[in-house]
Amino acid sequence: MNLWLGIAGTLTGIIGGLLLYVASPQQQLRAAGPWPTRHAWWPGTLLVLLSLVALWPLLAPLEAVASWLVLLMLVWSLAPFLGAWRARVRAGRSA
């Protein structure tokens, strides 16, 4: 049970962090095109909070919040580099 909660908390945190990054207007991870702009942050926020709820019973409260924040910082630090790499690959295909 604890292993599954840890995996679920980590995966929902990664996916939620990526969805929050993709909801920002200046990102390069997805190709330009139609995207819901009014409430694009709702799915990412919901998954990120669900991640914290999943990690809370596994660790002490302070440790759960700290590991949750470190996970989000890791995702938000790597996402721009993944976006730049993907934009470069897309530009190489179109040239």
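In what follows, the structure referred to is the one given above.
Residues numbered from 1 in each chain as written. Predicted model: local features only at pLDDT ≥ 70, side-chain atom pairs only at ≥ 80, totals over all residues. Heavy atoms only, no water.

## Brief notes about the side chain of Thr-12
Turning to its location among the elements, Thr-12 is positioned in helix α1 (residues 2–22). In terms of polar contacts, Thr-12 uses its side chain to reach the backbone carbonyl oxygen of Gly-9, at 3.2 Å. Look past the residues within four positions of Thr-12 in its chain and what remains in contact with it is Leu-47, Val-48, Leu-50 and Ser-51. (Helix = DSSP H or I, 4+ residues; strand = E, 2+ residues; numbered from the N terminus. Polar contact = N/O pair within 3.5 Å; in protein donor to acceptor, adjacent residues only side chain to side chain. Contact = heavy atoms within 4.5 Å.)

## Quick look at the packing of α1 against helix α2 (residues 42–55)
At a closest axis distance of 7 Å, the pairing of α1 and α2 adopts a crossing angle of 155°. Regarding the angle of α1 to α2, the classification is roughly antiparallel. Taken as a pair, α1 and α2 cross one another with a handedness that is left-handed. Residue-level inspection shows Leu-5, Gly-9, Thr-12, Gly-13, Ile-15, Gly-16, Gly-17, Leu-19 and Leu-20 of α1 in contact with α2, the latter providing Pro-43, Gly-44, Thr-45, Leu-47, Val-48, Leu-50, Ser-51, Ala-54 and Leu-55. Taken together, the residues that form the contact of α1 with α2 break down as 10 nonpolar, 8 polar and no charged. (Axes fitted to C-alpha atoms, helices over the stretch in contact; angles between N-to-C directions. Parallel < 35°, antiparallel > 145°, perpendicular 65-115°, else oblique. Left-handed = near helix turned anticlockwise from the far one by under 90°. Nonpolar A, V, L, I, M, F, W, Y, C, P; charged D, E, K, R; others polar.)

## With respect to the nonpolar core
Val-48, Leu-52, Leu-55, Trp-68 and Leu-72 together form the largest nonpolar core, which totals 5 residues. Mapped by element, the contributors of at least two residues to this core are α2 and α3 (61–94). The biggest single contributor to this core is α2, with 3 residues. Apart from residues lying up to four places away in sequence, Val-48 is in contact with Thr-12, Gly-13, Gly-16, Gly-17, Leu-20, Trp-68 and Leu-72. (Core = buried A, V, L, I, M, F, W, Y, C linked by side-chain atoms within 4.5 Å. Buried < 20%, exposed > 50% of the residue type's maximum accessible area, 1.4 Å probe, protein only.)

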